[in-house]
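Reading the structure
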Amino acid sequence: MKAMILAAGKGTRVRPITNVVPKPMIPLLGKPVMESILEHLHDAGFDQIVVNTSHLAPVIQDYFRDGTHFGVQIAYSFEGLLDRGQLQGEALGSAGGMKRIQDFSGFFDDTFAVLCGDALVDVDFQKAVSFHRERGAVATIILRDVPREEVFRYGVVATDPTGRITQFQEKPKVEQAVSTQINTGIYIFEPSVFDHIPSGRSFDIGSELFPALVKCGAPMYGVELPFQWVDIGSVPDYWEASRLALRGGIRGFRIPGREVMPGVHIGINVGWNPNRCTVRGPVLIGGSTFIGDGAAIEGPAVIGAGCVIEPGAVVKECILADYTRVSSVARLDRLVIFGNQCIQPNGEHFGIEETGVSWVIDDARAKQEFAPVQQELLQLAREIAD
Amino acid sequence: MRFEENKVGDVLVAKVLDGRIAADVAPRFKAHLAEYVRQGNLAIVLDLGAVTFIDSSGLGALVSSLKSMGKEGDLAIAGAQGGVASMFKLTRMDKVFRMYPTINEAVSALSVTAVP
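These figures come from a predicted structure and were not determined experimentally.

1. Thoughts on the nonpolar core
Ranked by internal contacts, the top residues of the largest apolar core, which has 157 residues, are A:Met4, A:Ile5, A:Val114, A:Ile309 and B:Val45. It is helix H6 (residues 235-246) of chain A that contributes the most residues to this core, six residues altogether. If sequence neighbours within four positions are ignored, A:Val114 has contacts with A:Ala3, A:Met4, A:Leu6, A:Met98, A:Tyr187 and A:Phe189.

Structure (structure tokens):
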């Protein structure tokens, strides 16, 4: 079967993480979210997958290439252009991106699935496709029920008793929502859906295509299937998803590395003496990371690969990108360190370079050169730490 | 740099009205605090509630002001939030300064220890 992964978004709600990587490449315990999606699609019998890319497209394409390593065939539909040596994204919207692929080669020649590249799902696609075909639908949306106070974040859908969709609302106010069933961004389509999508311009599935389908009376259905949906749509989502994954709370998601003590998973070539530092799980320590004597790591925490946690440093409930150096005087408490930024779980952030805190936290490969004021602070912090 | 001063008993409460304490303003910031000390203010609460950004130079200016006050003076920090509070914690400067969530708490703490 064929599928399409939507991967062209800018991911503005996950900034500043998405300044460096596009949303589908956000690492959950070191593994890009889209890799888990591909694995699930593969297991569900999808073998040909087109991915539309735009923002930071090469990060996606250089990782997944033609899909061989993931047991599927992958091709990309790049939305943008190369201008004076720089790739400029010009995303066409979700439906516009589908139409571009269809106009290009007529790729979608049978029932196909479309899903977002930024949420881990273990939806039963066989069931969804059976539901879709039994009803002769042109489009079927996988729905989920959410608490009423959360509906304002999503597209809300009203269905009749047969599952046929009667109404759509894009991010309604809580008091105006017609139901608590929301669009999860997972769709099953027939190729005839392309009759309703204009060519060569931006067009959105949720806010343009679906209202158009409802209006013309096309058979469109929604089905609520029980499945786990781990959305990485914002920094708080990413924070919660990482902690959930560390606790083993995401079905089918394996914590990498070897469990050397309860809840403590480590990669290979880790330089540490477990008897001389304090590590309290759940913690994942990436390969080739160094942990100095007297350092303390308190979970849930992810320490990326190639990190240096200097002797005496304290890292409490943090997610550190690969190659993060944490100085012996540092005390990191509930922070994501990614792309040279210190990010709080609510998304507030400050730049490491911008604030001149490279004497506390830095790239492990960087040459250590400190300005006089930084040296003075470092000395003072050392006196306190002692 | 703009400040708003308010005297509560013996304690001078100085609210920083600018959003940033960075390298470009650090010398003026330091000079301003030195002037408070020269005027005889030995208990100062620095209200950082309106500050949204502080860098290492800003921290350095605060540290040297604290040092210049010597043993008889006292400087407390109140109302640091978000990234600013996080900066103090990350660098352990929250152990160098006496930090309080509110101005009232900072004022009471300094009032107890203020030199008569």
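2. Considerations on the sheet that holds strand S20 (residues 290-291) of chain A
Residue and element names in this part refer to chain A. Strand order across the open sheet formed by four strands is S20-S23-S26-S31, with mixed pairing between neighbours. A strand with exactly one partner marks an edge of an open sheet, and here the two such strands are S20 and strand S31 (361-363). Examined bridge by bridge, strand S26 (residues 324-326) and S31 share three bridges and lie antiparallel to one another. Bridging across to S31, threonine 324 finds its partner in aspartate 363.

3. Description of the packing of helix H8 (residues 372-385) of chain A against helix H2 (residues 56-68) of chain B
Running from N to C, H8(A) and H2(B) point in directions that differ by 60°, and their axes come no closer than 9 Å. Relative to H2(B), the element H8(A) lies oblique. Read as a crossing pair, H8(A) and H2(B) show a hand that is left-handed. Residue-level inspection shows A:Val373, A:Gln374, A:Glu376, A:Leu377 and A:Leu380 of H8(A) in contact with H2(B), the latter providing B:Ser56, B:Ser57, B:Leu59, B:Gly60 and B:Val63. When the residues that make up the contact of H8(A) with H2(B) are grouped by side-chain class, the tally is five nonpolar, four polar and one charged.

4. Considering unusual backbone geometry
All names here are of chain A. Looking along the chain, the bond that leaves glycine 281 and enters proline 282 is cis, with omega of 0°. Along the chain, proline 282 falls in the loop between strand S18 (278-280) and strand S19 (283-285). Cis rather than trans, the peptide bond between glycine 299 and proline 300 has omega equal to 0°. Notably, leucine 29 is not glycine yet its phi reads approximately 50°, a positive angle. Tracing the backbone shows leucine 29 in the loop between strand S2 (27-28) and strand S3 (31-32). Among the residues examined, leucine 29 registers 20 C-beta atoms within 10 Å and is labelled buried.

5. Some words on the domain arrangement of chain A
All names here are of chain A. In terms of domains, chain A is made up of domain 1 (2-231) and domain 2 (255-385). With six residues of domain 1 in contact, the opposing surface of domain 2 contributes eleven residues. In the side of domain 1 that touches domain 2, the residues fall into four nonpolar, two polar and no charged.

Calculation notes
- Sequence order as written defines the numbering, with residues in each chain counted from 1.
- Labels follow written order: the first chain is A, the first ligand is 1, and so on.
- Given that the model is predicted, a residue must reach a pLDDT of at least 70 before its local features are reported, and side-chain atom pairs must reach 80 or more before they are shown or counted; all residues, however, enter totals for whole chains, interfaces and linings.
- To define a nonpolar core, we join buried Ala, Val, Leu, Ile, Met, Phe, Trp, Tyr and Cys residues through C-beta atoms within 7 Å and take the resulting set.
- Every C-beta atom is placed from the backbone, and the number of other C-beta atoms within 10 Å of a residue's own sets its class: buried at 20 or more, exposed at 12 or fewer, partly exposed in between.
- Strands are runs of DSSP state E lasting at least two residues, helices are runs of H or I lasting at least four, and both sets are numbered from the N terminus onward.
- It is the C-beta atoms, placed from the backbone, that decide contacts: two residues are in contact if theirs lie within 7 Å.
- By the convention used here, strands pair only if DSSP detects at least 2 bridges between them.
- Axes here mean lines fitted to C-alpha atoms, for a helix over just the part in contact, with angles spanning 0 to 180 degrees between N-to-C directions.
- By the definition adopted for this analysis, an angle is roughly parallel if under 35 degrees, roughly antiparallel if over 145, roughly perpendicular if from 65 to 115, and oblique otherwise.
- Here a crossing is taken to be left-handed if its near helix is turned anticlockwise relative to the far helix by less than a right angle, and right-handed if that turn runs clockwise.
- Residue classes follow a fixed rule: Ala, Val, Leu, Ile, Met, Phe, Trp, Tyr, Cys and Pro count as nonpolar, while Asp, Glu, Lys and Arg count as charged, and any other residue, Gly among them, counts as polar.
- Note: domain ranges come from an automatic or database domain assignment.

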